[in-house]
Amino acid sequence: MKMHFCIPVSQQRPDALGGRYVLYSVYLDGFLFCKVRYSQLHRWNEQLRRVFGNCLPPFPPKYYLAMTTSMADERRDQLEQYLQNVTMDPNMLRSDVFVDFLKLVQLDTFSITTEKASLDIFLPDGRSIKVEILTSDTAERVLEVVSHKIGLCQELLGYFGLFLIRSYKEGKLSVIKKLVDFELPYVSLRSSEVENFKVGLRKWYLDPSLDSRLMDCRAAVDLIYMQAIQDIEKEWAKPTEVQRQKLEALQKEDNQTKFLELSQEVWHYGYVQLDPCTCDYPEPGCGTVLSVGNNEISCCITLPDNQTQDVIFQMNRVKCWQVTFLGTLLDTDGPQQTLNQNLELRFQYSEESHWQWFVLYTKQAFLLSSCLKKMISEKMVKQAAENPEMQIEVPEQGKSKKHHSQQSQKDYSSFLPRKSKIKTAEVDCGLGTIKEEGL
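S.K.: I'd like a description of the overall build of the protein, backed by residues and values.
M.R.: Along its length, the protein carries ten helices and 19 strands. Every one of the 439 residues in the protein was classed for burial, and the buried ones make up 53%. As presented, the protein carries roughly 21,000 Å² of accessible surface, and 48% of it is formed by carbon and sulfur atoms.

Written out as structure tokens, the structure reads:
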């Protein structure tokens, strides 16, 4: 599935010969990822093409004359589409030529050299583990170092991830984004313009039944047990009073297995909860708290009369979704490093045999989109396991395996960086065909 790359702004810079060049600000999941020149991307594309041949998406052509404004905008859009499409091939994502280039541009953008460093990785119970890394180590590599230090089985790494987390003095916690494999956690933490950010280790699956696959690894059980306790303390998971009393008794006994078994029955166990935001349902401007997991989007909506209403959207009735950046980034050298203002995620949903769009205005739109993709991915894995004749290529936990099928993996989401240029991607989440149209 496509990653949330976008290039909402570019800058003209003078070069050493008295001419000018364009520097593109590339954002990933709403955060500034790197600033890069067309010539750098062009050389990278040529290196990728030597390894992967013509399976690469088309790269924007060179212009030998001065570009007009419309030509510059077109190139920016084309580069954006290229970055989104080139990440759809899992083999390419894991290749040295892909990862080494992205490591280099991240370091260069934030003027960080490769050297040894210490990095604190926070566990769900609030403790941190200090690991010795290189500043150029990717999230995938840092996760391997952390897992080795805590004794987490290597074959279970796909069930966990590193996250950028923001903590507040009053004890509130926000999961901001999951770090993708080729991101550099040290750089992401250093480059963040927001205070109180830290890198945390959390499970990365949204089907609670997958807990059962981790029960033979002591370190994995410890992690999901810690996270279950944290989610209840933060009121992300919502046990009844009877369940709470039983869970507290099991916690006192340190009976992790029974605690996790009972947790499966708790409402919103294993879900990701987002910060309060607004939506357009049942009318514009209603406040809502989103919880995502177990193949559904759960909304606790505050109505105009201050009453609350719980609304559940099942993922098997979601046709497609889009993330749109509604604002404008100026051509500036300032610290404009996030797009997490003026974001919306809209999804098309089947309700009473007709399709309807629902809109959510949330700073965590990219995280929400990642969660929706994760649930689709887990659904595909389950379908492949249940029906071998219809096996499909599946990402994440099965990323090292390729299955053959008449149906290939589809992209379920699109990122729409500028309100003035909108595309829709109509996708059947039942693994149907994709229909893209420009408006």
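S.K.: Would you mind going over the nonpolar core in detail, with residue names and values included?
M.R.: Grouped together as the largest cluster of nonpolar side chains are 94 residues, with contacts concentrated most on Ile121, Phe160, Leu162, Leu201, Phe347 and Leu372. With ten residues, the top contributor of residues to this core is helix 7 (residues 218-233). Excluding anything up to four places from it in sequence, Phe347 contacts Ile297, Phe313, Val318, Cys320, Trp321, Gln356, Trp357, Phe358 and Leu360. In this structure, Phe5, Ile7, Val26 and Tyr38 belong to the second largest nonpolar core, which totals 31 residues.

S.K.: So, the layout of surface pockets: which residues are in play, and what are the values?
M.R.: As a volume, the second largest pocket reaches approximately 620 Å³. Lining the second largest pocket we find 25 residues, and of these Arg20, Tyr21, Val22, Met67 and Arg75 sit closest to its centre. If you list the elements that add at least two residues to the lining of the second largest pocket, you get strand 1 (5-14), strand 2 (20-28), helix 1 (38-52) and helix 2 (69-86). The biggest single contributor to the lining of the second largest pocket is helix 2, with five residues. Of the residues in the lining of the second largest pocket, the class split is ten nonpolar, seven polar and eight charged.

S.K.: Account for helix 5 (residues 139-150), with residues named and values stated.
M.R.: For helix 5, spanning twelve residues, the distance from its first C-alpha to its last is 16 Å, which sits close to the expected 16 Å at 1.5 Å a residue. Of all the residues in helix 5, the buried ones are Ala139, Val142, Leu143, Val145, Val146 and Ser147. Tucked into the core, helix 5 has its buried residues touching strand 4 (116-122), strand 5 (128-134), strand 6 (160-167), helix 6 (185-191) and strand 8 (197-203). Positive phi shows up at Gly151, right after helix 5, with a value of about 80°.

S.K.: Now, about the packing of helix 1 against helix 4 (residues 96-109): what can you tell me, with residues and values included?
M.R.: Helix 4 packs onto helix 1 with a crossing angle of 165° between their chain directions and a minimal axis gap of 10 Å. One finds that helix 1 runs roughly antiparallel with respect to helix 4. Our pair here, helix 1 against helix 4, has a crossing hand that is right-handed. Contact residues: helix 1 offers Gln40, Leu41, Trp44, Gln47, Leu48, Val51 and Phe52, while helix 4 offers Val97, Phe98, Phe101, Leu102 and Val105. Of the residues assigned to the contact of helix 1 with helix 4, the class counts are ten nonpolar, two polar and no charged.

S.K.: With reference to specific residues and values, describe the pattern of salt bridges.
M.R.: Throughout the structure, instances matching the rule amount to eleven salt bridges. Between Asp125 and Arg127 there is a salt bridge, with the nearest N and O atoms lying 2.6 Å from each other. With a relative accessible area of 48%, Arg127 lands in the partly exposed category. For Arg141, the salt bridge goes to Glu144, with nearest N and O atoms at 3.6 Å. Remark: Glu144 and Arg141 occur in helix 5; sequence separation between them is three residues, near one turn of the helix.

S.K.: Could you give an account of the sheet that holds strand 1, naming the residues involved and the relevant values?
M.R.: The three strands are arranged 1-2-3 in an open sheet whose pairing can be described as antiparallel. With partners counted over all chains shown, the strands left at the sheet margins are strand 1 and strand 3 (31-37), one partner each. Neighbour-to-neighbour, the strand axes of this sheet turn through a mean angle of 25°, independent of strand direction. Relative to strand 3, strand 2 runs antiparallel, the two being bridged by six bridges.

Conventions adopted
- Residues numbered from 1 in each chain as written.
- Predicted model: local features only at pLDDT ≥ 70, side-chain atom pairs only at ≥ 80, totals over all residues.
- Heavy atoms only, no water.
- Helix = DSSP H or I, 4+ residues; strand = E, 2+ residues; numbered from the N terminus.
- Buried < 20%, exposed > 50% of the residue type's maximum accessible area, 1.4 Å probe, protein only.
- Areas by Shrake-Rupley, 256 points an atom, 1.4 Å probe, with all protein chains shown as cover.
- Core = buried A, V, L, I, M, F, W, Y, C linked by side-chain atoms within 4.5 Å.
- Contact = heavy atoms within 4.5 Å.
- 1 Å grid on protein atoms, 1.4 Å probe; cavity = no way out; pocket = protein on both sides within 12 Å on 5 of 7 lines; lining within 4 Å.
- Points joined across faces, edges and corners; volume = space filled by probe spheres on them.
- Nonpolar A, V, L, I, M, F, W, Y, C, P; charged D, E, K, R; others polar.
- Expected span 1.5 Å × (residues − 1).
- Axes fitted to C-alpha atoms, helices over the stretch in contact; angles between N-to-C directions.
- Parallel < 35°, antiparallel > 145°, perpendicular 65-115°, else oblique.
- Left-handed = near helix turned anticlockwise from the far one by under 90°.
- Salt bridge = Lys/Arg side-chain N within 4 Å of Asp/Glu carboxyl O.
- Pairing = 2+ DSSP bridges.

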